[in-house]
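Now for the letters of each chain:
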Amino acid sequence: MNQPLSIPKGTRDFTPEQVSKRQYIFDTLKRIFSLYGFAPIETPAMEQLSTLLGKYGEEGDKLLFKVLNSGDFIKDISNNDWNEGNSHKLSLKICEKGLRYDLTVPFARYVVMHRNEIVFPFKRYQIQPVWRADRPQKGRYREFYQCDVDIIGTNSLIAETELLLIINNVFDALQLKYITLLNNRKILQGLAERCSLNEHFVAFTTILDKLDKIGIDAVMIELALLPVEQNILNELKNFLQQFLSLSSNSQKIQIAKSFINNEIGLKGLEELDFLVNHAKQLNIEHNIKFDILLARGLSYYTGTILEVKSSETAMGSICGGGRYDNLTGIFGLPDVSGVGMSFGADRIYDIMETLNRFPENLTQPTDVFIANFLPNIENQLIEITQQLRKNQIRADLFYDNTVKLKKQLTIAHQKKIPWVLIVGEDELQQGKYQLKNMNTGEQFLLSLTDIIEKIKKS
RNA sequence: GUGGUCGUAGCUCAGCUGGUUAGAGCGCCAGAUUGUGGCUCUGGAGGUCGCCGGUUCGAAUCCGGUCUUCCACCCCA
């Protein structure tokens, strides 16, 4: 009977208390998203595998959860396929669907499918779970929620600016300190071009991204393995050291301009300059840091990229995003530029939990507990309870009248319900009931109208 | 995906190099208090020592596998 039960690796159950805390985060995000003019959509948990494959780079493809075809999926497989022993290739023949890996690619698919009914620029938010077959760690789950905001159908950098404002609003509301790392894919491309490493863009940026972990010397050693001239590497090293010693965003942009000095790089730096200047005007620049090393793996980004980290804990990024000029192009709708970002609700939850930042009274869903310890008065108790509910008082009627009042009070206490209504024979005769305040222990004999008023006032 | 790590009561953990009936604190239940919770006191229940297998006269303890947790890579929210 006592079989060991379990849930899959990297997934979690949520208790009522956890759910109300998570809901608090979702509600905050929704409120702020709609404040900026975003409307919600939802998409299915599963997408066609063809929609998902190839959008997240080689690594991403490996992390997709595939959904086995229904019916007799074996009959279409040749002996060759079996004997080859290539499980990846085989999986593609028996799986047509996959669980979504993020919300951005499904959104691009949505935009293309609904292009005729969408009014551009289209601003949508979406809060739904995604699945990744990653190896779990703290703050890294196989099922987790993403909370996306995207603006599609505009090149305007005001869109990016508004994203920065949203970040500021959200983390202010949640009372978390944060830092937004800002970069631009064009700057990275310009940097690669400056080093004549256009051909090795991905490798180049991945190595750069490791700098704060392994140090500049180790980065130089790894870069030296690429086909690059040593004197260019030396120049790069000089530039990076100088860059890293600066703290002012404008100064960083200045020296980056003089070092990179090619068309694409300067374009990226101009875009970044625009954002930094606006941030300065909007008084949020102190939370923004130009980080020329920030790469972000997702291959669809083409312009601005950003990543938000908590400045109070060592959790990974809690929000990330950027501009993608041609994501819908893959699905047959070219020339639609979008920019968006994703908040990681689960990581935000973990941080708020360790820093104790949730408001106090989130987990108190019931206002009054109605004790029930006399025979044959349930009709009257149900009637009283309904009256309370009609007045928007959240009321919990106890069902089993054989349970001692003492025990019922313990239950109310454990459920953290602030009021208990005690209805005995004397009270019924008078038409007045005992209302007990569970925090102070005070007790009042009141009519139902007064009870309603008292609970509402508290 | 690679390399490590953890798993003992509802929770947090103890259990020395293998040796009788596996412990503590908190929580839970009952009573002291037959219509009054929290504090106190008294008593009580609760464990296939993650799971499967092996070594041994004997395994929570040693070994192998497996699942899970956490960590470092990788990548990311």
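Residues numbered from 1 in each chain as written. Chains lettered and ligands numbered in written order. Predicted model: local features only at pLDDT ≥ 70, side-chain atom pairs only at ≥ 80, totals over all residues. Heavy atoms only, no water.

(A) Structural view of the overall build of chain A. A tally of regular secondary structure across chain A gives 19 helices and 16 strands. Taken across its 458 residues, chain A has 48% of its residues classed as buried. Long-range pairs, those at least 24 residues apart, make up 69% of the contacts in chain A between residues at least 6 apart in sequence. Carbon and sulfur atoms provide 49% of the accessible area of chain A, an area that totals close to 23,700 Å². Distance from the positive charge centre (53 side chains) to the negative charge centre (55 side chains) of chain A: 3 Å. (Helix = DSSP H or I, 4+ residues; strand = E, 2+ residues; numbered from the N terminus. Buried < 20%, exposed > 50% of the residue type's maximum accessible area, 1.4 Å probe, protein only. Contact = heavy atoms within 4.5 Å. Areas by Shrake-Rupley, 256 points an atom, 1.4 Å probe, with all protein chains shown as cover. Lys, Arg positive; Asp, Glu negative; His and termini not counted. Charge placed at Lys NZ, Arg CZ, Asp CG, Glu CD.)

(B) Main features of the environment of Thr154. Mapping Thr154 onto the fold places it in the loop between β6 (143-152) and α7 (157-173). Note: C-alpha distance between Thr154 and Tyr56 (98 residues apart in sequence) is 23 Å. When neighbours within four sequence positions are excluded, Thr154 is seen to be in contact with Pro121, Ala159, Arg323 and Ser337.

(C) A look at the sheet that holds strand β14 (residues 419-422). Spatial strand order, β13-β12-β14-β15-β16: 5 strands in an open sheet with mixed pairing. The two strands at the open ends of the sheet, each matched to only one other strand, are β13 (395-397) and β16 (443-446). On average, each strand axis in the sheet is tilted by 25° relative to the strand beside it, whichever way the strands run. With 3 bridges joining them, strand β12 (residues 368-370) and β13 adopt parallel strand pairing. Within the sheet, the bridge partner assigned to Phe369 lies in β13 and is Asp396. Helix α16 (residues 378-390) contacts β12, β13, β14 and β15 (433-437) of the sheet and is inclined by roughly 165° relative to β13. (Pairing = 2+ DSSP bridges. Axes fitted to C-alpha atoms, helices over the stretch in contact; angles between N-to-C directions.)

(D) The packing of aromatic side chains, seen in detail. Taken as a whole and judged by the stated rule, the model has 16 aromatic pairs. When the ring of Phe107 is compared with that of Phe122, the centres are 5.9 Å apart and the planes differ by 35°; the resulting orientation is tilted. Residue Phe107 is located in helix α6 (residues 104-113), and its partner Phe122 is located in strand β5 (residues 122-131); the two are separated by 15 residues in the primary sequence. Of the two residues, Phe107 and Phe122, both sit in the buried class. Directly above the ring of Tyr101 sits Arg132, whose terminal nitrogen or CZ lies 4.0 Å from the centroid. Just above the ring of Phe444 sits the side chain of Lys454; from NZ or CZ to the centre is 4.2 Å. (Phe/Tyr/Trp six-rings, centres within 6.5 Å; stacked < 30°, edge-to-face > 60°. Lys NZ or Arg CZ within 6 Å of the ring centre and 35° of its normal.)

(E) Highlighting the packing of helix α8 (residues 185-194) against helix α14 (residues 263-281). With their axes 7 Å apart at the nearest point, α8 and α14 run at an angle of 150° to one another. Judged by the angle between their axes, α8 and α14 are roughly antiparallel. When you trace α8 past α14, the crossing you get is left-handed. Across from Lys186, Ile187, Gln189, Gly190 and Glu193 in α8, the residues of α14 making contact are Ile264, Gly265, Lys267, Gly268, Leu269, Glu271 and Leu272. Its residues placed into classes, the contact of α8 with α14 shows 4 nonpolar, 4 polar and 4 charged. (Parallel < 35°, antiparallel > 145°, perpendicular 65-115°, else oblique. Left-handed = near helix turned anticlockwise from the far one by under 90°. Nonpolar A, V, L, I, M, F, W, Y, C, P; charged D, E, K, R; others polar.)

(F) Representation of the pairing of β5 in the model. Burial of β5 is extensive: 9 of the 10 residues sit out of reach of the surface. One ladder, built from 2 bridges, connects strand β1 (residues 39-40) with β5; its direction is parallel. Looking at the pairing, Pro40 lines up with Tyr125 of β5. Relative to β6, β5 is paired through 10 bridges, and the arrangement is antiparallel. Residue Val130 lies in a different strand from β6, and its bridge partner there is Phe144.

(G) Representation of helix α13 (residues 249-260). With 12 residues, α13 extends 16 Å between its outermost C-alpha atoms, agreeing within 8% with the 16 Å of an ideal straight helix rising 1.5 Å per residue. Buried within α13 we find Asn249, Lys252, Ile253, Ile255, Ala256, Phe259 and Ile260. Packed against the buried residues of α13 are α8, α12 (230-245), α14 and β8 (288-290). Its side-chain oxygen placed 3.3 Å from the backbone nitrogen of Ser250, Ser248 serves as the N-cap of α13. Looking at the residues trailing α13, positive phi occurs at Asn261, about 50°. (Expected span 1.5 Å × (residues − 1). Polar contact = N/O pair within 3.5 Å; in protein donor to acceptor, adjacent residues only side chain to side chain.)

(H) Just the nonpolar core, in detail. One finds Leu236, Ile292 and Phe343 to be the most contacted residues of the largest nonpolar core, which totals 107 residues. If one sorts the elements of this core by residue count, α7 sits on top with 9 residues. Discounting chain neighbours no more than four positions away, the residues touching Ile292 are Asn183, Ile187, Leu188, Leu191, Phe239, Leu240, Phe243, Ala256 and Ile260. Core analysis: the second largest hydrophobic core is formed by 20 residues, Leu421, Val423, Tyr433 and Leu446 among them. (Core = buried A, V, L, I, M, F, W, Y, C linked by side-chain atoms within 4.5 Å.)

(I) Spotlight on helix α19 (residues 448-457). Within α19 the residues assigned to the buried category are Leu448, Ile451, Ile452 and Ile455. Buried residues along α19 cover an arc of 100° about the axis, so they all sit on one side. Facing away from the buried side of α19 by more than 90 degrees, the exposed set consists of Thr449 and Lys457. Turning to α19, the residues buried within the fold contact β12, α16, β14, β15 and β16. (Arc of directions from axis to C-beta.)

(J) A look at the pattern of salt bridges. Taken as a whole and judged by the stated rule, the model has 19 salt bridges. Here Arg124 makes a salt bridge to Asp150, at a shortest N to O gap of 2.8 Å. Here Asp150 lies in strand β6 and Arg124 lies in strand β5, a separation of 26 residues in the sequence. The partner of Lys210 in a salt bridge is Glu222, and the shortest N-O contact between them spans 3.2 Å. You can see Lys210 sitting in the loop between α9 (201-209) and α10 (211-214) and its partner Glu222 sitting in helix α11 (residues 216-223), a full 12 residues away along the chain. (Salt bridge = Lys/Arg side-chain N within 4 Å of Asp/Glu carboxyl O.)

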